[in-house]
Amino acid sequence: MGIGELDREAHVAEATSAGAAPRTLAEALRARGDEGLAALLRARPDLLSPVPNDLTQLATRAGTRGSVVRALERLDRFALQTAEALAVAPDPAPYPVLLALLTGDEGDPEIEAALPGAVALLREQALVWGEDDRLRLVRTARELLSPSPQHPSPTGLGPTVAEATAGMSPGRVQEIIATAGLPPTHDPVSAVAALTELFTDRTRMGALLDEASPEALSVLDRLVWGPPYGEVTPNPAPPVQWLRDRGLLLPVSARTMVLPREVALHLRGGRAHRVPEPVAPVVGTARDYRPQVVDSTAAGQAYATLATVEELLKSWDQGGPQVLRAGGMSVRDLKRTAAALDVTEQLAAFWLELCFGAGLLASDGEADERYAPTPAYDDWLDLPAAERWARLVAPWLVATRTAGLVGGADAKGRTLAALGPDLDRAPAPEVRHRVLELLATLPPGAAADPGTLFARMRWERPLRGAAQAAPPRAPQTASGGPDDSTDPAPDASLDLRSRLARWTLAEAELLGLTGRGALAGPARALLNLPLAEAATPADHGGRVELSVAAGRAATLLAPLLPEAVDHVLLQADLTAVAPGPLRRPLADALAVLADVESKGGATVYRFTPGSVRRALDSGRSASDLHDFLTAHSRTPVPQPLAYLIDDVARKHGHLRIGAASAYVRCDDDTVLGEILADRRSAALGLRRLAPTVLAAQTDPASLLDGLRAMGYAPAAESAEGDVLVTRADAYRTPARTAPVPVPDGPPAPDATLLGAAVKAIRAGDRAATAVRKEPAAPATTGGLPRTSAAETLATVQAAALTGSAVWIGYVNAEGAASQRVIAPVRVEGGFVTGYDHTADEVRTYPLHRITGVAELADDQV
């Protein structure tokens, strides 16, 4: 480091210690306390990856384009409007100038009250730095938010007079100021300054506009709120010519004119934005219900969720649809699933994604890959109902997979399939949490007005999660009017965050987190929100683990769910009515013995020959079925049902099916003769091998189905001749883990990491900015000091005796050079041991790797 660099560092240190205004963002960060640095790193965690070496590196990283874009996306509407106003203000801008751009000439008490908080937020996130008399927007943020022909400013303002006249000839500039009534000047710079002064003088500017015709004022009115660019013909109309001659419109190209920023601000009354929004919209109430009604309704929806999930996965017990080559389900399979559940395809996609996100459904990974329930589904079935519900909603809350996208198209125009790739959207968990938290700000039982809720979400993150930027409006026509034919449709600007909020409300109602649009008690516990009279969820003593919160929610939901019953009511019309949810063993057994005919508060099961045969195939005997019905029915077993069971059991197993490809054997040869004579058996390729045996040219399963279709009740047998029992063992995938959410940037750092990072940055900054005493011989290489071995040894020994700190240059074993500030405590055996202020720990350095040493200035010791 040369003498000039040392002087500069000394000046920086002196200026910072003396409280002078910072000249760079790094100096502004250096003046912050540890809490201020921690707040910056907490708000912008991307700055921590990796931990910066010092504050200069932190400031550089905070000004990179990617980091600034992420920070801007997390600003609320008013903070963003404040940054946009600074982008069109002079650089640097005094606080009163910024305030005037936001309040205008008439002032606004709400803006005056909110602006200090917005500026403080921008300062905290290192997007703005400097004192109030010299506010500076970070250069990258100014480039992103400043107006340009390619990227119109959200304010609708155009370039300044100086920017618009940069390429104009000096003679043309003199013509403009002469026509505007200004005295001629000696150079273009003073001419532009005079024109700018005219446009910013309210009295003189008002007098100039008083001379304009109504048509000319109409042209200005069309451009004043943006976009400020308009097309003109080679021979413009007199009103446009009048404006152009006086510099109220300045040429950008041969056919394009622009309204200078100073003129637009005068016409706007000084406002940078048409509608400043200093206060967040209030979430309104659509309707009030009793909290008990809300909780009961939500519990009913929660129970319906469990029933739907069970129905869906039970229908896939023997394997679900095949997986597409590109991943996901085909449209045809999605339609079949929707028809089986009696829901829309979009809703079927939601149930599928819910099961997939909870780890209950996955692909089996076989060569002929298909979907099926996972082993976790069987464990899930054994849990109490409330815990099963919690196992579904907790993964949904943090999932990035978004079912609402199914059926849409990706960036390449390909249809997004259910359970397929490309359904992850990183902002989804944040939006879900925020929507539910906003619902919690309302009194218990109050249903939110969706319009005000979505307005609040847009205010909080106007740039966050946008699918794409709204297309710029078309240039103005020759008369200044917009071309209406190119305006986007009203829904074209609907961003991803708004759609996620809409889907969250619908999905929360389906899952039972809300009832009739109001947040239910279990949902408050899931979010770790207070359950008493609603207070705004700001700080609730720290977040708990999601699994713990889900357990609390399940505890609150359990008393609200209907109790499982252990009986049914048998009817004479071969039906059974379950007066409530059945206990698991009874429900599984009855599902084999009967078919579900209708659902609702009471489920109706119907007994048919096919369902009874299914029970017999599962290994039950007729007497077992009679005993089962007698034990679990509150009504006597009707005679028609008893006859049905006995009749099917009498025929069951009378015919035996084996493998020949397949064969049929029966002790009654007349039955086999009937089968051969039946024309429906021709497709089975049967022939008689013996009086009691028929051979078939089809497989046993097809032979079973064919004979059953003909009205017989055959039973399959093994190679030993024993009857094969078809049990209800379900097909399962190998053990699968639930999909991992896609992170939305780096994770939020905890207090321990923040403390360590701040300490490391401070230590590195002390080493980088420490003021050193200049050695007798100036350094010959870069920033590392150069001293002889003897001088190095003597200096570190003296520092160890006096307890002072020194600055060393060090080259490690890999050849990487660095500079450090150490306080030596022991020098022996060719090594120096001391406290390294840069690394904030005690280290030992070989003396032969120290390139040189310099003492620190007295005021740095």
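Residues numbered from 1 in each chain as written. Predicted model: local features only at pLDDT ≥ 70, side-chain atom pairs only at ≥ 80, totals over all residues. Heavy atoms only, no water.

J.: I would appreciate a short explanation of the overall build of the protein chain in the present structure.
T.: Summing up its helical and strand segments, the protein chain has 34 helices and 25 strands in all. For the protein chain, the proportion of its 861 residues judged to be buried stands at 47%. Considering only contacts in the protein chain between residues 6 or more positions apart, those separated by 24 or more positions represent 67%. Carbon and sulfur atoms form 54% of the exposed surface of the protein chain, whose accessible area is close to 40800 Å². (Helix = DSSP H or I, 4+ residues; strand = E, 2+ residues; numbered from the N terminus. Buried < 20%, exposed > 50% of the residue type's maximum accessible area, 1.4 Å probe, protein only. Contact = heavy atoms within 4.5 Å. Areas by Shrake-Rupley, 256 points an atom, 1.4 Å probe, with all protein chains shown as cover.)

J.: Help me understand unusual backbone geometry in this model?
T.: Following S49, the chain continues to P50 via a peptide bond in cis, the omega torsion being -5°. That bond from D91 to P92 is cis: its omega, 0°, falls within 30 degrees of zero. The topology assignment puts P92 in the loop between α6 (77-88) and α7 (95-103). Unlike most non-glycine residues, D342 shows phi in positive territory, near 60°. You can see D342 is positioned in the loop between α18 (331-341) and α19 (345-357). The phi torsion at L574 lies on the positive side, around 60°, for a residue other than glycine. Examined against the element boundaries, L574 turns out to sit in the loop between β12 (569-570) and β13 (575-578). L574 sits in the partly exposed class, given a relative accessible area of 22%.

J.: Explain the packing of aromatic side chains here, please?
T.: Each aromatic ring pair is specified by the distance between its two centres and by the angle formed by the two planes. Across all of its chains, the model carries three aromatic pairs by this definition. With centroids separated by 5.1 Å and ring planes inclined at 55°, the aromatic side chains of F350 and W351 adopt a geometry described as tilted. We note that F350, like W351, is buried. With centroids separated by 4.8 Å and ring planes inclined at 70°, the aromatic side chains of Y810 and Y845 adopt a geometry described as edge-to-face. Of this pair, Y810 sits in strand β21 (residues 806-811) while Y845 sits in strand β24 (residues 841-846), placing them 35 residues apart in sequence. For Y810, a relative accessible area of 11% gives the class buried. Over the face of the ring belonging to W380 we find R388, whose NZ or CZ atom lies 5.5 Å from the ring centre. Just above the ring of F628 sits the side chain of R620; from NZ or CZ to the centre is 5.4 Å. (Phe/Tyr/Trp six-rings, centres within 6.5 Å; stacked < 30°, edge-to-face > 60°. Lys NZ or Arg CZ within 6 Å of the ring centre and 35° of its normal.)

J.: Explanation requested: the nonpolar core in the structure shown.
T.: Across soluble globular proteins, nonpolar side chains show a tendency to be buried alongside one another. With 90 residues, the main nonpolar core has L29, L41, L58, L195, F199 and L248 as its most contacted residues. Considering each element in turn, this core owes the most residues, eight residues, to α6. When sequence neighbours within four positions are dropped, the list of residues in contact with L58 reads L29, L37, L40, L41, L47, P52 and I761. V393, A418, L423 and A446 belong to the second largest nonpolar core, which has 74 residues in total. (Core = buried A, V, L, I, M, F, W, Y, C linked by side-chain atoms within 4.5 Å.)

J.: I keep staring at the environment of A572 and nothing clicks. Help me out?
T.: Structurally, the position occupied by A572 is in the loop between β12 and β13. On the basis of relative accessible area, A572 is assigned to the exposed category, the value being 59%. Residues A572 and L641, 69 residues apart in the sequence, show an inter-C-alpha distance of 7.5 Å.

J.: Got a minute to help me understand the confidence of the model for the protein chain in this structure?
T.: As a note on interpretation, predicted positions should not be read in detail where pLDDT is low. Looking at the protein chain, the pLDDT average stands at 84 and 88% of residues meet or exceed 70. Throughout residues 532-543 the model reports pLDDT below 50, and contacts reaching past four residues in sequence, or to other chains, amount to 20 contacts. (pLDDT = per-residue confidence, 0-100.)

J.: I'm lost on the sheet that holds strand β4 (residues 250-251) in this one. Help?
T.: Consider a sheet: its strands pair through backbone hydrogen bonds, and that pairing is either parallel or antiparallel. Sheet architecture is open: three strands sit in the order β3-β5-β4, paired in antiparallel fashion. Here the strands that pair on one side only, and so sit at the sheet edges, are β3 (229-231) and β4. Where β4 and strand β5 (residues 256-258) come together, two bridges link them in antiparallel fashion. Counted as the bridge partner of P251 is M257 from β5. (Pairing = 2+ DSSP bridges.)

J.: Where do I start with helix α5 (residues 65-73) in this structure?
T.: Along an α-helix, residues three or four positions apart point the same way, because every turn accommodates 3.6 residues. Every buried residue belonging to α5 is among S67, V68, A71 and L72, and all of these are buried. All buried residues of α5 lie within an arc of 135° about the axis, which places them on one face of the element. As for α5, its buried residues are in contact with α4 (55-62), α6 and α9 (139-145). (Arc of directions from axis to C-beta.)

J.: Looking at this structure, how should I read the packing of helix α17 (residues 291-315) against α19?
T.: Helix packing for two helices is described by the angle between their axes and how far apart those axes are. Interaxial distance between α17 and α19 falls to 11 Å at its minimum, and their mutual angle equals 85°. By the criterion of interaxial angle, the relationship of α17 to α19 is roughly perpendicular. Along the contact surface, α17 presents T305, T308, V309, L312 and L313, while α19 presents W351, L352, L354 and C355. The residue makeup of the contact of α17 with α19, split by class, is seven nonpolar, two polar and no charged. (Axes fitted to C-alpha atoms, helices over the stretch in contact; angles between N-to-C directions. Parallel < 35°, antiparallel > 145°, perpendicular 65-115°, else oblique. Nonpolar A, V, L, I, M, F, W, Y, C, P; charged D, E, K, R; others polar.)

J.: Explain the pattern of salt bridges to me, please; I cannot follow it from the model alone.
T.: For side chains bearing opposite charge, pairing can occur when the charged atoms are close. Applying the stated criterion across every chain, the model contains 33 salt bridges. Here D410 ties to R414 by a salt bridge, and the two come within 3.0 Å at their closest N and O atoms. Here R606 makes a salt bridge to E597, at a shortest N to O gap of 2.4 Å. Via salt bridges that share partners, R74, E430, R461 and R497 belong to a single interconnected network. (Salt bridge = Lys/Arg side-chain N within 4 Å of Asp/Glu carboxyl O.)

J.: Hey, could you run me through the packing of helix α28 (residues 609-617) against helix α30 (residues 639-651) in this one?
T.: It is at 9 Å that the axes of α28 and α30 come closest, and there the two elements cross at 60°. In terms of orientation, α28 and α30 fall into the oblique class. Considering only the axes of α28 and α30, their crossing is right-handed. Side by side, α28 and α30 meet where P609, V612, R613 and L616 of the first sit next to L644, I645, V648 and A649 of the second. Counted by class, the contact of α28 with α30 contains seven nonpolar, no polar and one charged residues. (Left-handed = near helix turned anticlockwise from the far one by under 90°.)

J.: In this structure, what is going on with the sheet that holds strand β15 (residues 603-606)? I would like to understand it.
T.: Ordered by their spatial adjacency, four strands build an open sheet running β12-β13-β15-β14, and the pairing between neighbours is antiparallel. Here the strands that pair on one side only, and so sit at the sheet edges, are β12 and β14 (595-598). Note: β13 against β15, four bridges, orientation antiparallel. Among the inter-strand pairings, A578 is bridged to a residue of β15, identified as T603.

J.: Got a minute to help me understand the environment of S169 in this structure?
T.: As for its position among the elements, S169 is in the loop between α10 (161-164) and α11 (170-179). Measuring from C-alpha to C-alpha, the distance between S169 and P188 comes to 8.4 Å, with 19 residues separating the pair along the chain.

J.: Would you mind going over the side chain of T155 with me for this structure?
T.: By secondary structure assignment, the location of T155 is in the loop between α9 and α10. Each residue touching T155, except ones within four places of it in the same chain, is listed here: E84, V88, W225, R268, A272 and H273.

J.: Even after reading the chapter, I still don't get the pairing of strand β18 (residues 687-690), so can you show me in this structure?
T.: On any regular strand, side chains alternate: one points to one face of the sheet, the next to the other face. Relative to strand β19 (residues 693-696), β18 runs antiparallel, the two being bridged by three bridges. Its bridge partner being in β19, R687 is matched across the sheet by A695. Joining the antiparallel neighbours β18 and β19 is a turn of two residues.

J.: Even after reading the chapter, I still don't get helix α22 (residues 428-440), so can you show me in this structure?
T.: With 13 residues, α22 extends 19 Å between its outermost C-alpha atoms, agreeing within 8% with the 18 Å of an ideal straight helix rising 1.5 Å per residue. For α22, the tally of buried residues reaches 10 of 13 residues, placing the bulk of the element in the interior. All of the buried residues in α22 are A428, P429, V431, R432, V435, L436, E437, L438, L439 and A440. (Expected span 1.5 Å × (residues − 1).)

J.: Honestly, the environment of P291 in this entry has me stumped. Any pointers?
T.: Looking at where P291 falls in the secondary structure, it is placed in helix α17. Given a relative accessible area of 34%, P291 falls into the partly exposed group. Counting along the chain gives 153 residues from P291 to P444, while the straight-line C-alpha distance between them is 5.8 Å. With residues near it in sequence (within four places) discarded, P291 still touches P444 and G445.

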